[in-house]
Amino acid sequence: MRPAAPERVRPAAARVVGGVRGLVGLAVLVILLYTYAIGGEAHGYNPFDYFGYFTNLTSLLAALVLMTCGALGLTVRRTPCWLAPARAVVTACMLIVAVIYNTVVPGTGSAPAWVSLTLHAVLPTLMALDWLLIGDRRCLPWSRLWVLAPYPLLWLAVVLVRGATDGWVPYGFLLPERGATAMTLTVLGLLGALTAAGVLVWAASRFPGVVLRRGTDH
């Protein structure tokens, strides 16, 4: 007796998930544009400063990833191999956004309270739930954990260079006048937190999901 063929993606479920992802990504993009516009009126329109904030830049990447996943879901197309690592990196970084903002720098910034709540709590929670519960992603090998590093390291390098040259940093704990020892400990702490978040995300990829379960719904 021949074994049953694996089920294909269920179009209805994939489209619902894709539609929700697309709407969330679009909503985040609108919030970022709105915050940039109202902030520009008061402080000048400087995208390098605005997206110098890890929250804003990571939220933008999250929006793009969600909209890409949404488009693929709506067209019921198979997920490309690069998208799962991209989702994993963005999800881990959004967890860092939530932890750092709500523990180290709570209540800072000039954005409206509802924007801060959305970007620092709601979006990280949605990204984590999306990664854990929706199974249209492959199990990530531990040998690929390194892909987590390039984006935040590049952001950190640019911020440190700007702090040492034009004096602009997005967060007080990255001010160069704190001294080399304090800065080194801060960087090591951030990298440790990032690694911990990455381990959680990589471990969660082994869970088959609840919707679009790996091996059944797709």
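Scroll up a little and you will see the structure.
Let me begin by describing the structure that accompanies this report.

### Some words on the packing of aromatic side chains
Piece 1. For the coordinates displayed, the defined rule picks out 10 aromatic pairs.
Piece 2. Their ring planes at 20 degrees and their centres at 5.5 Å tell us that phenylalanine 54 and tyrosine 151 sit as a pair that is stacked. Of this pair, phenylalanine 54 sits in helix H3 (residues 54-74) while tyrosine 151 sits in helix H6 (residues 150-165), and the two are 97 residues apart along the sequence.
Piece 3. On the basis of relative accessible area, phenylalanine 54 is assigned to the buried category, the value being 8%.
Piece 4. Ring pairing ties together the aromatic residues Tyr53, Phe54, Tyr151, Trp155, Trp168, Tyr171 and Phe173, which thus form one cluster.
Piece 5. The residue whose ring lies beneath arginine 137 is tryptophan 131, and the NZ or CZ to ring-centre distance is 5.4 Å.

### Topic: helix H5 (residues 113-133)
Piece 1. Between its first and last C-alpha atoms H5 spans 28 Å; for 21 residues at 1.5 Å apiece the expected length is 30 Å, and the two agree.
Piece 2. Its axis deflected by about 35 degrees at leucine 119, H5 carries its strongest bend there.
Piece 3. Among the residues of H5, Val115, Ser116, Thr118, Leu119, His120, Leu123, Pro124, Met127, Asp130 and Trp131 are the ones counted as buried.

So, how was this worked out
Residues numbered from 1 in each chain as written. Predicted model: local features only at pLDDT ≥ 70, side-chain atom pairs only at ≥ 80, totals over all residues. Heavy atoms only, no water. Phe/Tyr/Trp six-rings, centres within 6.5 Å; stacked < 30°, edge-to-face > 60°. Helix = DSSP H or I, 4+ residues; strand = E, 2+ residues; numbered from the N terminus. Buried < 20%, exposed > 50% of the residue type's maximum accessible area, 1.4 Å probe, protein only. Lys NZ or Arg CZ within 6 Å of the ring centre and 35° of its normal. Expected span 1.5 Å × (residues − 1). Bend = angle between axes of the 7 residues up to and from the residue.

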